[in-house]
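Here's the letter readout for the chains.
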Amino acid sequence: MMAYDYEEPHLYANSPAVMETLVLHVDGGDSDTNKSSIFNGENDNQHHYPLTSPVTVAEIIISEDDDDPNENPNSFNSFLEPPSYADAVFGSFDGDHGKQINGHGVVSTSGKSTSSDHLKISVNSPVSGVNTYVTYLITTWTDLPEFDETISSVRRRFSDVVSLSDRISDSYRGFFLPMRPDKSVVMKNQEFVEQRRIDVEKYLRKLAAHPVIRRSEELRVFLQVQGKLPLVKTMDLASTMLDGAVRLPKQLFGASVVAVDPREAVHLGRGKDMVRFFKEVRQSVTYGWGGSTKMPLVEEDKEFMEKRMKLQDLELQLTNVSQQAESLVKSQQDIGETMGRLGLALVKLTKFETEEAVFNSQKVRAKDMKYVVTSAVKTSRLYRELNTQTIKHLDKLHDYLGEMLAVNSAHSDRSNALLTVQTLESEVSTLNSRIEKLEAVAFKVFGGDRSRIQKIEELKEAMRDTDDAKNCAVRVYEQIKENNKIELERLDKERHDDFCGMLKGFVVNQVPQDMQRRWQVHGKQLQTKQVDMHKFVAQSRM
Amino acid sequence: MQQRSSTGGGGGGGGGLQSPRSPSSQPPYLSISVTDPAKMGNGVQAYISYKVITKTNFPEYQGPEKIVIRRYNDFVWLRDRLFEKYKGIFIPPLPEKSTVEKFRFSAEFIEMRRQALDTFVNRIALHHELQQSEDLRTFLQADEQTMERARSQDTGIFKRKPSDLMQIFRDVQSKVSDVVLGKEKPVEETNPEYEKLKRYIFELEDHLAEAQKHAYRLVKRHRELGQSLADFGKAIKLLGACEGDALGTAFSELGAKSEMLSIKLQKEAHHLLMNFEEPLKDYVRAVQSIKGTIAERANAFRQQVELVETIKLKEIDLNKYRLTRSEKTLEAEHEYEELKADSEEATKRFENIVRLMNEEIVRFQEQKTQDMGLAFHEFAKGQARLANGIADAWRSLLPKLETLSSS
């Protein structure tokens with residue numbers, strides 16, 4: 001399983017900005033989402049308390065921020081930017097991991113460096129042209145030998161992507177293919193187009209990451225051939241059904257049995273042979289479609305069945321973990337946000353006490369508070385950064401959920417292929433018994449009538465054809481089984497590696513080293529303050 | 001808050017009651033604890049009772065130790081009496097009545113209330129004037145029937161709830177707006193320092209209330225995060241069971257850590273509630289109590305002013321009667337004398353309140369600085385502890401994960 005490019009976590013790029021707005025919107029004052037959000041809190045103050053002095057909160061905090069000798073006054077600002085500590089701590093880790101992923105060094109041809117095996121795709125500039133549909137500019141950088149040029153650019157629309165996906169799933173049955181983006185259109189607005197762009201990019205990159213698909217002709221054609229997409233939609237259900245319908249009456253009236261191209265016949269009866277199509281559909285419907293394990297077909301491969309169960313269990317657990325991960329991320333987000341708001345509320349209180357102080361005790365109190373405030377605000381920021389990274393890591397789970405869908409689909413391919421084989425087998429035997437019956441009658445009547453003999457000949461020919469088709473189907477089925485097996489091995493290995501990386505990344509990320517240090521330093525300071533306070537009170541009582 | 005219940009008035013920090021009648025060489029102390037909440041009664045009538053244990057060597061008290069059973073309404077009674085009698089002093093605040101039925105008997109609510117009640121009585125015991133209150137003695141020593149009688153008696157003229165005082169204060173405020181609308185002359189002090197103080201108190205309440213609101217939310221967030229970690233841990237463990245071998249073990253250890261951290265978070269949430277949010281809440285209540293005192297002062301001021309006005313009018317009448325040698329003269333003179341006496345009393349009362357308030361505000365500010373200092377310290381300590389715990393837990397997993405990916 002190859003991950004998408006880490007450089008552009010588009011989906012979650014919004015959240016930091018959003019969170020920033022949330023933190024700022026304390027009193028409904030309009031605050032801009034620039035990075036120095038803490039100072040905006042101060043603007044709110046000026047809104048509500050016109051009596052406040054021009055001394056800004058920032059100045060109070062920065063000038064007296066002497067609790068860490070290693071920090072210069074500007075470092076407070078640096079904490080307001082998305083902390084670079086995050087990058088320092090695991091930037092390198094991510095980098096290595098990223099290299100591993102882009103290196104494709106798992107199953108495919110070269111285990112060497114990226115140079116001879118490179119296929120990068122980028123989807124940009126959606127344009128709703130003169131027509132009503134949107135086209136996307138798809139740029140490819142590659143040095144794979146199959147491709148004519150190193151860099152190419154084409155414009156494609158979404159239905160082209162759908163065609164590509166259909167063609168690939170027809171040609172590569174049994175493979176764990178990435179799920180193509182959803183066809184449904186919610187609302188044709190900017191947001192939707194952008195989301196679709198992202199989805200298309202993700203999808204194409206996943207295809208590019210698959211060791212077999214990336215070398216496919218279909219993908220190459222899609223990426224390089226200019227103009228209208230020349231992928232022939234041979235397996236378009238609609239058109240073939242129409243074709244098939246033409247032949248239907250002949251079959252029903254039994255006039256002649258159409259000679260069927262075995263390869264076409266093999267294809268899940270979706271193709272030209274309507275009768276078989278309906279028969280298979282009926283059987284599937286009775287026994288459950290595709291991936292269900294309730295097939296009457298004897299799945300002789302026990303090992304396969306076991307693996308299937310395990311994979312289903314895995315899917316269940318992945319779904320579960322994915323849900324819990326989402327709620328974990330949300331909780332982390334909430335706590336960071338509330339911490340920030342508390343900090344801001346205390347900032348206001350501090351400022352208020354400092355300005356309105358009549359007694360010394362008030363000034364002392366304000367100072368105490370200030371330490372907590374600073375730490376609280378910084379903690380809030382750190383939580384936010386933590387979350388962004390957590391999302392990145394745990395997103396692996398979502399990716400693998402997607403993979404599970406691909407697995408299910410591949411298993412469907414297998415079941416369907418088996419269904420085809422068995423259907424053809426039963427047809428052969430049906431034809432055979434019809435032949436035998438006719439032959440038996442023919443022998444009784446000496447010489448037999450011409451029509452009957454002719455009929456027997458026709459049936460025999462049909463049987464031969466069907467038998468050929470059946471053999472073809474068996475070959476296809478075996479191929480699909482083999483594909484399944486290889487893919488499963490690939491999946492297991494990649495999943496293992498990816499999950500290891502995910503765990504490590506997640507754990508490393510959760511160690512909030514700086515947070516820890518900050519509160520400790522603060523705690524010590526407050527302790528000394530306490531001692532001073534006691535002394536002060538004791539003295540004033542005497 | 002913990003400090004006070006143990007040391008009481010000892011060590012000279014307790015207001016220094018130097019009673020000349022105290023025979024013992026021991027320094028005087030009055031220490032109270034509110035404990036053992038117990039549910040009494042059934043259904044709608046059900047309530048919580050508390051054991052109130054008093055330890056003292058004050059001569060006015062019946063003995064060195066006394067235990068009585070009290071309920072929340074008894075505490076309310078005490079507060080109202082003190083508020084009546086000791087105008088000018090900032091009476092310690094009480095925890096609120098709970099309106100939400102199902103929350104009323106939750107363990108956490110009861111514990112928070114118990115702690116607040118304990119703080120309440122001990123603050124009274126430490127206050128150099130309040131500790132001498134007869135009502136306090138009644139509260140601490142009387143048997144339950146006497147207490148009940150006293151409580152029911154007071155549903156008369158003397159019983160004034162803070163909300164009533166707020167109403168009075170609002171009346172005062174509305175009188176100000178009347179002036180703006182040109183209706184009446186305002187009957188308010190024109191002391192600029194006092195004005196500043198009043199503004200300060202009102203603004204302070206707003207700030208504190210907001211901080212407290214967020215503090216409470218933070219407690220909830222801790223709990224929510226704890227819950228999420230627990231659920232996540234469980235789910236990860238199950239996933240680990242699917243994977244098997246080294247990866248599976250790694251998953252299940254991660255899950256276990258996650259569950260462990262969940263517990264830490266719940267603990268921290270409780271600590272944050274008791275040691276940071278509650279003190280903040282207490283601060284808010286204290287400020288609200290001060291507002292009550294401010295209303296009392298305004299009342300007293302108005303009474304004084306009104307009496308002065310009335311006396312002036314009476315004087316005019318009296319002179320009229322004297323001139324006309326009316327038979328009403330004698331009566332009028334009586335009334336006049338009475339009014340003068342009342343006026344003197346009113347003035348004394350008002351001045352007393354002013355004096356007391358000035359002392360109280362100093363005491364209040366110092367006390368609050370101490371309280372808040374402690375609260376912030378606890379907050380920082382708790383967060384450091386939490387951050388440490390989290391860091392340690394995750395860090396301990398790293399070596400295993402290292403070996404995992406290299407294998």
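Going by the annotation in an unreviewed UniProt entry, the name recorded for chain B is PX domain-containing protein, with Centaurea solstitialis given as the source organism.

Chain A is annotated in an unreviewed UniProt entry as PX domain-containing protein from Centaurea solstitialis.

Chemist: Quick question: what am I supposed to make of the overall build of chain A here?
Modeler: Tallying secondary structure elements over chain A gives 15 helices and 3 strands in all. When contacts within chain A are restricted to residue pairs at least 6 apart in sequence, long-range pairs at least 24 apart make up 72% of them. Approximately 26,300 Å² of chain A is accessible, and the part contributed by carbon and sulfur atoms is 55%.

Chemist: Help me understand the overall build of chain B in this model?
Modeler: Scanning chain B for helices and strands turns up 9 helices and 3 strands. Secondary structure elements in chain B, listed N-terminal to C-terminal, are α-β-β-β-α-α-α-α-α-α-α-α. Buried positions account for 50% of the 407 residues belonging to chain B. Sequence separation of at least 24 residues holds for 74% of the intrachain contacts in chain B that already meet a minimum separation of 6. Total accessible area computed for chain B in this model is approximately 20,000 Å², and 53% of it derives from carbon and sulfur atoms.

Chemist: Help me out: how do you make sense of the pairing of strand 2 (residues 134-142) of chain A in this one?
Modeler: Looking down a regular strand, the side chains alternate between one sheet face and the other. Residues and elements named next belong to chain A. Counting buried residues along strand 2, 7 of its 9 residues qualify, which places the element largely inside the surrounding structure. Note: strand 1 (residues 119-128) against strand 2, 8 bridges, orientation antiparallel. Of the residues in strand 2, the one forming a bridge with Ser128 is Val134. Relative to strand 3 (residues 151-157), strand 2 runs antiparallel, the two sharing 7 bridges. Looking at strand 3, one finds that Ile138 is bridged to Val154.

Chemist: How should I be thinking about helix 8 (residues 245-324) of chain B in this particular structure?
Modeler: Each α-helix winds once per 3.6 residues, and so residues spaced three or four apart point in a common direction. All names here are of chain B. Across its 80 residues, helix 8 extends 116 Å between first and last C-alpha, which sits within 8% of the 118 Å expected from 1.5 Å per residue. A maximum bend of about 35° is found in helix 8 at Leu273. Between a side-chain oxygen at the N-terminus of helix 8 and the backbone nitrogen of Leu247 the separation is 2.9 Å; the capping residue is Asp245. Looking one or two residues beyond helix 8, the residue adopting positive phi is Arg325, at roughly 50°.

Chemist: For this particular structure, what's the right way to read the sheet that holds strand 2 (residues 47-56) of chain B?
Modeler: Residues and elements named next belong to chain B. Pairing in this open sheet of 3 strands is antiparallel, and the strands run 1-2-3 from one edge to the other. Of all strands in the sheet, those with a lone pairing partner are strand 1 (30-40) and strand 3 (65-71), marking the two edges. Here the average twist between neighbouring strands, direction ignored, is 20°. As judged from the 9 bridges shared by strand 1 and strand 2, these two strands associate in the antiparallel manner. The residue of strand 2 that forms the bridge with Lys39 is Ile48. In the packing of helix 2 (residues 72-85) onto the sheet, the strands contacted are strand 1, strand 2 and strand 3, and the crossing angle to strand 3 comes to about 105°. Across the sheet, helix 4 (residues 134-141) lies against strand 1, strand 2 and strand 3, angled at about 90° from strand 3, the strand it touches most.

Chemist: So what exactly am I meant to see when it comes to the confidence of the model for chain A here?
Modeler: Reading predicted coordinates in detail is not appropriate for stretches of low pLDDT. Residue and element names in this part refer to chain A. Summary statistics for chain A give a mean pLDDT of 68 and a share of 59% for residues scoring 70 or more. Here helix 4 (residues 75-80) stands out as the element of chain A with the lowest mean pLDDT, 31, in contrast to helix 12 (residues 302-356), whose mean of 89 is the highest. Confidence drops under pLDDT 50 across residues 1-115; counting only partners more than four residues distant or on other chains, this segment forms 168 contacts. Scored below 50 in pLDDT, residues 286-296 makes 16 contacts in the model with residues more than four places away or belonging to other chains.

Chemist: How do you make sense of the interface of chain B and chain A when you look at a structure like this?
Modeler: How big an interface is tends to be stated in terms of the accessible area lost upon association of its parts. At the interface, 63 residues of chain B touch 68 residues of chain A. Summing the contributions of chain B and of chain A, the shared interface buries around 6,100 Å²; its carbon and sulfur component is 71%. If you sort the residues of chain B by the area they bury against chain A, His207, Phe232 and Phe376 of chain B come out on top, with a joint share of 11%. On inspection of chain B and its partner chain A, the count reaches 12 residue pairs in polar contact (both at pLDDT 80 or more). Mapped by element, the contributors of at least two residues to the side of chain B that touches chain A are helix 7 (192-243), helix 8 and helix 9 (328-406) of chain B. Looking at which element gives the most residues to the side of chain B that touches chain A, the answer is helix 9 of chain B, with 28 residues.

Chemist: Help me understand the pattern of salt bridges in this model?
Modeler: Opposite charge on two side chains permits pairing when their charged atoms draw close. All names here are of chain B. Scanning all chains against the criterion turns up 48 salt bridges over all chains. A salt bridge links Asp282 to Arg123; its shortest N-O distance comes to 2.7 Å. Note that Asp282 is positioned in helix 8 and Arg123 in helix 3 (residues 107-126), a separation of 159 residues in sequence. One salt bridge in this structure joins Glu345 and Arg349, with 3.6 Å as the shortest N-O distance. Here Arg349 and Glu345 lie together in helix 9, a separation of 4 residues that amounts to about one turn. Relative accessible area serves as the criterion here: at 46%, Glu345 is assigned to the partly exposed category.

Chemist: What exactly am I supposed to notice about the side chain of Arg151 of chain B here?
Modeler: With respect to the helices and strands, the residue Arg151 of chain B is situated in helix 5 (residues 144-153). Ignoring sequence-local partners within four residues, the contact set of Arg151 of chain B consists of Arg71, Asn73, Asp74 and Trp77 of chain B.

Chemist: Could you clarify how one ought to interpret helix 3 of chain B in this entry?
Modeler: Compared with the 28 Å implied by 1.5 Å per residue over 20 residues, the 29 Å span of helix 3 of chain B between its first and last C-alpha is a close match. Of all 20 residues making up helix 3 of chain B, 16 are buried, and the element is well covered by its neighbours.

Chemist: Mind showing me how you'd approach the nonpolar core here?
Modeler: Counting 101 residues, the largest nonpolar core has Leu346 of chain A together with Phe276 of chain B as its most contacted members. Only helix 12, helix 13 (360-444) and helix 14 (450-510) of chain A together with helix 7, helix 8 and helix 9 of chain B provide two or more residues apiece to this core. In terms of residue count, the dominant contributor to this core is helix 9 of chain B (21 residues). For Leu346 of chain A, the contacting residues outside a window of four places in its chain are Met369, Val372 and Val373 of chain A together with Ala211, Phe276 and Phe376 of chain B.

The rules behind the values
Residues numbered from 1 in each chain as written. Chains lettered and ligands numbered in written order. Predicted model: local features only at pLDDT ≥ 70, side-chain atom pairs only at ≥ 80, totals over all residues. Heavy atoms only, no water. Helix = DSSP H or I, 4+ residues; strand = E, 2+ residues; numbered from the N terminus. Contact = heavy atoms within 4.5 Å. Areas by Shrake-Rupley, 256 points an atom, 1.4 Å probe, with all protein chains shown as cover. Buried < 20%, exposed > 50% of the residue type's maximum accessible area, 1.4 Å probe, protein only. Pairing = 2+ DSSP bridges. Expected span 1.5 Å × (residues − 1). Bend = angle between axes of the 7 residues up to and from the residue. Polar contact = N/O pair within 3.5 Å; in protein donor to acceptor, adjacent residues only side chain to side chain. Axes fitted to C-alpha atoms, helices over the stretch in contact; angles between N-to-C directions. pLDDT = per-residue confidence, 0-100. Buried area = accessible area lost by both parts, 1.4 Å probe. Salt bridge = Lys/Arg side-chain N within 4 Å of Asp/Glu carboxyl O. Core = buried A, V, L, I, M, F, W, Y, C linked by side-chain atoms within 4.5 Å.

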